[in-house]
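# Understanding the architecture of this molecule
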Amino acid sequence: MTQDMRLDGGLVDRSRTISFSWNGKTMQGYQGDTLAAALLANGVKLVGRSFKYHRPRGIFSAGSEEPNALVQLRKGAYQEPNTRATVAELFEGLEATSQNHKGTLEFDFLAMNDLASPFLSAGFYYKTFMWPRAFWEKVYEPFIRSAAGLGALSGETDPDVYDKGYLHCDVLVIGSGPAGLSAALAAGRSGAEVLLCDEDNVFGGRLNAETFKVGGTSGVEWARNAVAELEVMDNVRIMSRTTVYGAFDHGIYGALERKTDHLRSANGKPRNIAWKIYSGRAILCAGATERSIAFGNNDRPGVMLAGSVRAYANRWGVATGKSIAVFTNNDDGWRTASDLVEVGANVAAVIDSREIEPFMNIPGVSVTVGAGVCDTTGRKALKSVTLTTGQTLDVDCLAVAGGWSPNVHLTCHQRGRPSWREDIAAFVPGGDLPPGMSVAGAANGVYGTRACLVEGRAAANAAVKELGFTASRKGADKAEDEPANITAYWHVKESTKRAWVDLQNDVTTKDVKQAEQEGFRSVEHLKRYTTMGMATDQGKTANVLGLAIMAEARGKSIPETGTTIFRPPYSPVPFGALAGRSKGKDFQPYRITPSDKWARENGASFVETGPWLRAEWYVKGDEKGWRDSVDREVIETRKSVGICDVTTLGKIDIQGRDAAKLLNMAYANGFAKLPVGKTRYGIMLREDGICMDDGTTARLGENHFVMTTTTVNAVAIYRHLDFIRQCLYPDWDVHIMSVTDSWAQYAVAGPNSRNLLYKIVDEEFDLSNEAFPFMACADITICGGIPARLFRISFSGELAYEIAVPSRYGDSLIRILHKAGKEFNVVPYGLEALSVMRIEKGHAVASELTGQTTAQNLGMGRMISKKKDCIGNILSEREYMNSDEIWNLVGLQPVDKAMKLDGGSHFINKGDAPRMDTDLGWMTSVAYSPTLGHHIGLGFVKAGSSRMGDVIRAWDGVRKKDVEVEIVSAHFFDPDGERLRG
Amino acid sequence: MVDFTLEPKAVLDGFDKIWNSTRLRELTELAAVAVSVPKDGAVALNQKLKAAYGRNVPAAGESFIGKGNTRVMSFAKDQFMILFDHAAHSGIPIVEKKLGNTGYYVEQTNNWVFLELSGPQARAALERVCPVNTHVDKFTVNRAERTNIEHMGTVLCRTGDDTFLIMSASSTAGSFLHALETSMDYVSQ
Amino acid sequence: MIINHPLLGPRDSSEFYHLGDATLIDRPNREDVNAAEAFYEYLYVRDNPAGKYCELWYHEQGDRSWLVVTRDTTTHEISEVKLASDEARARGRSV
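Residues numbered from 1 in each chain as written. Chains lettered and ligands numbered in written order. Predicted model: local features only at pLDDT ≥ 70, side-chain atom pairs only at ≥ 80, totals over all residues. Heavy atoms only, no water.

When helices and strands are counted, chain A shows 22 helices and 49 strands. Expressed along its principal axes, the backbone C-alpha trace of chain A runs to roughly 115 × 70 × 55 Å. Pairs at least 24 residues apart make up 67% of the contacts formed inside chain A by residues separated by at least 6 positions. Taken as a whole, chain A presents about 37200 Å² of accessible surface, with 53% of it coming from carbon and sulfur. Charge-centre separation for chain A: the mean point of 112 positive side chains lies 1 Å from the mean point of 117 negative side chains. (Helix = DSSP H or I, 4+ residues; strand = E, 2+ residues; numbered from the N terminus. Contact = heavy atoms within 4.5 Å. Areas by Shrake-Rupley, 256 points an atom, 1.4 Å probe, with all protein chains shown as cover. Lys, Arg positive; Asp, Glu negative; His and termini not counted. Charge placed at Lys NZ, Arg CZ, Asp CG, Glu CD.)

Next up on the list: the overall build of chain C. Helix and strand counts for chain C come out as 2 helices and 6 strands. Summarising its shape, the C-alpha atoms of chain C cover approximately 45 × 30 × 20 Å along the three principal directions. Summarising the internal contacts of chain C: among those between residues at least 6 apart in sequence, 49% fall at separations of at least 24. Accessible surface, chain C: about 4600 Å² in total, of which carbon and sulfur atoms supply 48%.

Attention now goes to the sheet that holds strand β5 (residues 70-73) of chain A. Residue and element names in this part refer to chain A. On the basis of which strands lie adjacent, the open sheet formed by 5 strands has the order β2-β1-β7-β5-β6 and mixed pairing. Of all strands in the sheet, those with a lone pairing partner are β2 (25-31) and β6 (80-84), marking the two edges. This sheet shows a mean twist of 40 degrees between the axes of neighbouring strands, independent of strand direction. (Pairing = 2+ DSSP bridges. Axes fitted to C-alpha atoms, helices over the stretch in contact; angles between N-to-C directions.)

Where empty space is left in the structure can be found by rolling a water-sized probe over the atoms. All names here are of chain A. Under the definition given, this model contains 13 cavities of 30 Å³ or more. Size it by volume and the largest cavity reaches roughly 160 Å³. For the lining of the largest cavity, the secondary structure elements donating two or more residues are β25 (404-406) and α12 (543-554). Broken down by class, the residue content of the lining of the largest cavity amounts to 7 nonpolar, 8 polar and 2 charged. (1 Å grid on protein atoms, 1.4 Å probe; cavity = no way out; pocket = protein on both sides within 12 Å on 5 of 7 lines; lining within 4 Å. Points joined across faces, edges and corners; volume = space filled by probe spheres on them. Nonpolar A, V, L, I, M, F, W, Y, C, P; charged D, E, K, R; others polar.)

Take a nonpolar patch on the surface next. Residues and elements named next belong to chain C. The grouping of Tyr40, Tyr44 and Val45 at the surface amounts to a nonpolar patch, some 280 Å² of accessible area in total. Of note, Val45 is situated in the loop between α1 (35-44) and β4 (52-58). What makes Val45 partly exposed here is its relative accessible area of 43%. (Patch = residues over 30% accessible without salt bridge, like charges linked within 9 Å, V, L, I, M, F, W, Y side chains within 5 Å. Salt bridge = Lys/Arg side-chain N within 4 Å of Asp/Glu carboxyl O. Buried < 20%, exposed > 50% of the residue type's maximum accessible area, 1.4 Å probe, protein only.)

Another aspect to go through is the packing of aromatic side chains. Tallying each qualifying case throughout the model produces 23 aromatic pairs over all chains. Arranged with centres 6.3 Å apart and planes meeting at 15 degrees, the rings of Phe772 of chain A and Tyr801 of chain A form a pair that is stacked. Separated by 29 residues along the polypeptide, Phe772 of chain A in the loop between α19 (753-758) and β40 (777-782) and Tyr801 of chain A in strand β42 (residues 800-806) bring together distant segments of the chain. Take Phe772 of chain A: its relative accessible area is 6%, and that puts it in the buried class. Judged by relative accessible area, Tyr801 of chain A falls into the buried class, the value being 0%. Each residue in the set Phe295, Phe327 and Tyr489 of chain A is aromatic and connected to the rest through ring pairs, giving one cluster. Directly above the aromatic system of Phe671 of chain A lies the positively charged group of Arg680 of chain A, at a separation of 5.8 Å from the ring centroid. A cation sits over an aromatic face here: Arg64 of chain C above Tyr718 of chain A, 4.8 Å from the ring centre. (Phe/Tyr/Trp six-rings, centres within 6.5 Å; stacked < 30°, edge-to-face > 60°. Lys NZ or Arg CZ within 6 Å of the ring centre and 35° of its normal.)

It is worth spelling out the sheet that holds β40 of chain A at this point. Residue and element names in this part refer to chain A. The 6 strands are arranged β40-β41-β42-β39-β33-β43 in an open sheet whose pairing can be described as mixed. In the strand order of this sheet, the two ends are held by β40 and β43 (827-828), each with one partner. Helix α20 (residues 810-820) contacts β33 (642-645), β39 (743-749), β40, β42 and β43 of the sheet and is inclined by roughly 20 degrees relative to β39.

Now for the nonpolar core. Residues Phe20, Trp22, Leu35, Leu39, Ile59, Tyr312 and Trp316 of chain A are the most contacted members of the largest nonpolar core, which totals 53 residues. Setting aside anything within four residues of it in sequence, one finds Tyr312 of chain A in contact with Ala36, Ala37, Leu40, Ile59, Ser61, Ala62, Thr86, Met304, Gly317, Val318 and Thr320 of chain A. Of all hydrophobic cores here, the second largest spans 42 residues; its members include Leu674 and Tyr718 of chain A together with Leu24 and Ile25 of chain C. (Core = buried A, V, L, I, M, F, W, Y, C linked by side-chain atoms within 4.5 Å.)

Further remarks concern the pattern of salt bridges. Tallying each qualifying case throughout the model produces 77 salt bridges over all chains. The salt bridge partner of Glu127 of chain B is Arg237 of chain A, with a shortest N-O separation of 2.8 Å. Taken together, the residues Glu127 of chain B in helix α3 (residues 122-127) and Arg237 of chain A in strand β12 (residues 236-239) connect one chain to another. Exposure remark for Arg237 of chain A: the relative accessible area of 33% places this residue in the partly exposed category. The residue Lys82 of chain C makes a salt bridge to Glu87 of chain C at a minimum N-O spacing of 2.9 Å. For Lys82 of chain C, a relative accessible area of 28% corresponds to the partly exposed category. If you follow the salt bridges from partner to partner, you end up with Arg206, Glu210, Arg310, Asp332 and Arg335 of chain A in one network.

Contacts between chain B and chain A engage 51 residues on the former and 62 residues on the latter. Our enumeration of links across chain B and chain A arrives at 4 salt bridges. One can count 31 residue pairs in polar contact (both at pLDDT 80 or more) joining chain B with chain A. Breaking the side of chain B that touches chain A down by element, the ones donating at least two residues are β3 (30-36), β7 (104-107) and α4 (173-187) of chain B. The dominant element in the side of chain B that touches chain A, judged by the number of residues it contributes, is α4 of chain B, at 7 residues. (Polar contact = N/O pair within 3.5 Å; in protein donor to acceptor, adjacent residues only side chain to side chain.)

With 13 residues of chain C at the interface, the matching set in chain B holds 15 residues. With both sides pooled, the region where chain C packs onto chain B buries about 980 Å², and carbon together with sulfur makes up 43% of that total. On the chain C side of the contact with chain B, Leu8, Arg11 and Gln61 of chain C bury the most area, a combined 44% of that side's loss. Applying the counting criterion to the chain C and chain B interface returns 2 salt bridges. Linking Glu145 of chain B and Arg11 of chain C is a salt bridge whose minimum nitrogen-to-oxygen distance equals 2.5 Å. Secondary-structure elements contributing two or more residues to the side of chain C that touches chain B are β2 (9-12) and α2 (84-90) of chain C. Residue classes in the side of chain C that touches chain B are distributed as 3 nonpolar, 3 polar and 7 charged. (Buried area = accessible area lost by both parts, 1.4 Å probe.)

This next bit is on the environment of Trp617 of chain A. Residues and elements named next belong to chain A. Within the element layout of this structure, Trp617 appears in strand β32 (residues 612-618). The exposure class assigned to Trp617 is buried, which follows from its relative accessible area of 14%. Separated by 214 residues in the primary sequence, Trp617 and Leu831 place their C-alpha atoms 6.7 Å from one another. Not counting chain neighbours up to four residues away, the residues in contact with Trp617 comprise Gly603, Ala604, Ser605, Trp626, Ser629, Val630, Glu633, Gly830 and Glu832.

Right, let's talk about the packing of helix α1 (residues 42-53) of chain B against helix α2 (residues 92-99) of chain B for a bit. Residues and elements named next belong to chain B. In the contact formed by α1 and α2, the axes pass within 8 Å of each other and the chain directions differ by 110 degrees. If you check the angle between α1 and α2, you find them roughly perpendicular. Residue-level inspection shows Leu45, Lys48, Leu49, Ala52 and Tyr53 of α1 in contact with α2, the latter providing Val95, Lys98 and Leu99. Residue composition of the contact of α1 with α2, grouped by class: 6 nonpolar, no polar and 2 charged. (Parallel < 35°, antiparallel > 145°, perpendicular 65-115°, else oblique.)

This brings us to the packing of helix α5 (residues 178-189) of chain A against helix α9 (residues 449-466) of chain A. All names here are of chain A. Where α5 meets α9, the axes come as close as 7 Å, and the angle between the chain directions of the two elements is 35 degrees. In the crossing of α5 with α9, the sense of the turn from one axis to the other is right-handed. Seen from α5, the contacting residues are Pro178, Ala179, Ser182, Ala183, Ala186 and Ala187; seen from α9, they are Thr449, Cys452, Leu453, Gly456, Arg457, Ala460, Asn461 and Val464. Tallied by class, the residues present in the contact of α5 with α9 amount to 9 nonpolar, 4 polar and 1 charged. (Left-handed = near helix turned anticlockwise from the far one by under 90°.)

This part takes up unusual backbone geometry. Residues and elements named next belong to chain A. Cis geometry marks the peptide bond from Pro568 to Pro569; its omega dihedral reads 0 degrees. Along the chain, the position of Pro569 falls in the loop between α13 (558-561) and α14 (575-579). One non-glycine residue with positive phi stands out, namely Arg74, at about 65 degrees. Structurally, Arg74 is set in the loop between β5 and β6.

Dropping the structure here:
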């Protein structure tokens, strides 16, 4: 197929022919074409099927407002549905296909929906699919899902990469038409940092689609010169293919830059970048979008917007039809006819709805005024149009000029409401703009080129002055103001056939009127009832039309009827771009400990705890399941010695003359009297008396402590301590600093732990039970002078230590500990064995500190000091928190020792039905205890402390289990703590 | 005598890579000590600091290079950090010698990974991950701020027109390096 | 959003943690006669204004200062930002 519809002229590069395929057929276009321009050049009229009725549709517009020409680009995993052909740039080898049809585009089986249209009118979902109820899931929804919707995803993982970024500027200029370029030039000349963004691949906006003169040269040339001037300014950054899609708080804008969509391959670079723009001021120069007029069968391929028909001729050198008629209600429509004649296209007629003298005299073009188009023919391409006069014209393209709507979208993103201007029959930005934003040019309802240049410059000068810059005195370049008179004319009442308002959602004038009759009269109801203004185009060409028809139906003015406002995004933003790099393993950062490499070399399997990766167990030899490894780790540790990486615990350095006061305030139990060289276990409450965290704090000096927090609460506790010291006691002398990452810390536990440590600790340090008893701590040196911190604390219930070294030695220390421990058969143990041993000892962790439980629940109520104030002190005294009926943390063991226990089971008395009112509590932690040879559990039982020895049921409705358990002490193993003190 | 010797290991094994003429490398021989100013102790501390490094504590967000190529950077009220070339694991003894007991010291040498990003693409790479405006007129040489990069707490300090010292927690060093490397891969031609 | 930090200038809200009502500064005394009632009021009874609201923000990925931010809940306009420690002193919490 040759490019039969190509005219002379245009801005495409005819020296660079591009081959592409459309539904498998190879075609040619030129560099600079959009897919839509190239299809039109090749005479392709039918490009898709409508959403609901599967009506044949053609290209309607020449920009991002396109409702019809949604196509699929590329193949396989790169396949991208619902792309507007009007903004897809052509590249060599582009494969494009149509979508939303069963069978071929030309013969769509679902076109029968069109015959059923009486049943598919506004609100049909709500009416038709109501009954029978059971049909919704099995029949209706699958039917709707297969019939509706547009393109299809490939089902494969998106192979492209996406990125995000941050941009900063004094002045953001959105749009690069005459107003935008004029604004950017003025702002740039003042020395302010300027960012100019345009969604198009070339700058200039409408100037590229028109034949206007600016500054004594063509508008196109003027735009090129302006861009050249901006490019050499160090303080100006210009970004094409970048849509500013949202206006957010405090001068922040969202923008999507399409980096590689116009290239055959992204070559591993990000396809899109979602930018967050911080601006001092923003000038919206987003231009205007043309709208249609509703008349019978106005959706046929070949019925197009007049400004777009002109753009195809002027910018892309493409005639959109062999014989073109223009239907207008304003002066601008006439320019389409005159420009088309100028480039040699065949214009049959101009039909103006206004009773006016012909606006122009265009040779060879018949003119009808005071009339409209009321019907069209042609199934897959327009064949003729019928006028209200009864005359029929054989044309294959009808250019409709219904007037221009300013692109006010971004002015509405913070609830700004546009106001109606009857003289231009359009909504313009209201007074309540997002702070820092001003609007210039067509977006502000100013349509003349000269006025756009002047207003753009003025807006920029005002903005830079507010920011403290001196505005440049250089005036705006010269241009004409084109006539743009309009008489509102929304739909052709003489039409008897369906007249479309919203092409994308198949909303007709009848649907709007029906919504009115059924009481859905507010614009928000109109939208939701009819679906007008939804989907990819968000009603850019439809909303005002629909609103006007609603106003007419209600017998009210447009402002009385309402306004539609807009939310971000202005045009679709791919999810990939919003996700950026945050997918797969890059979803969040990982924290790893210094022993990570060693652990991987030694069969560790890892689990995420918060952002940390922790070894959960180490597979040794031919161990078949995790239980084999965990049981072995527990047994060997209790028998001799084991080592566990506890680096992940939060560590906070606390110093100052009032350091002890801070601890006393944060912990429920007292710390002021903790001697130097000692460690103490503490619990922290929230102000409401609920347990927040627990851990040990060591006193390294009179005014120097180091606190440990649980792994996941480290950040929250740091923040909490800062709250106490800044918001409650701002004059205390106390300073905190996170040292979590400074130290690699290992628990060395088991009867041989001291013997192992003796092999690495420098000789001058006495580790004997007398010199370094349970809960002692000290700064020591190991391996010949390397500083370390040693704490005699135990989570396992064994004689145990935690040893910390500067993290750079962490890898080396874990290797040395295992080398030195060989003679004791030392084992590494992971998080799971750690958990088994702590359950055997009845120690609480996050499973017990759930944010619902108190110190009293945990059996630590007596730790709350009554002698001092602390966070949570007063409210923990509330009566119900201290009654005999509260949950108590207890141990549980199965009556039949062979039975397994399950976390989350609920407790009920034998003979009770499992109901809310019989619920006694729940199982928080379970483990198989290799030490005891059966399963054990911890749990909260109502008044459990007074029910030792009672047998109750652990009922699990989810896993369908019901096990008899005996209430026992939570201290299953070595209840007197002889081992850890030994 | 203990028979074992501990070997230090750089967080990122001394990472060093060049994309055309932009370089990202780990600085492995840098010590860092956090200093908190005791209540009512600013005068005494400033006196010592001035004698040792030539200047008072800078305002939050600023840093200076003092004697002995020492960088004193302040990110907060009553708290600053002293960084200097030092191959060992601890900087406190050196700082303590100069400032005596006028401040509260916390060893930070092992808490951070220190990266230097330098070259013509440095700003472009940062632009993809960091919300700070790195325009040289706004984020001037010696400016030092805490911020975030890909959700990770970051210290960003401009040490030259095209050179940045970038610090993050040593436990996230791998993810942090990945973020900066990815940025460099994306922005380099 | 952007918070104009009193020491560091405008900062992106992504650097901050948001806590809530700045009346959390006014923690009652344990020794007060009606301490239980006072703590109940302090913790649970809050205004929820449509308009100016003083709230606590923590510059977690910044200088670790707590700030009292006056924000209009209907527009997000931020009219004042103070260091919480200064505000606490002004409210008589120097002890």
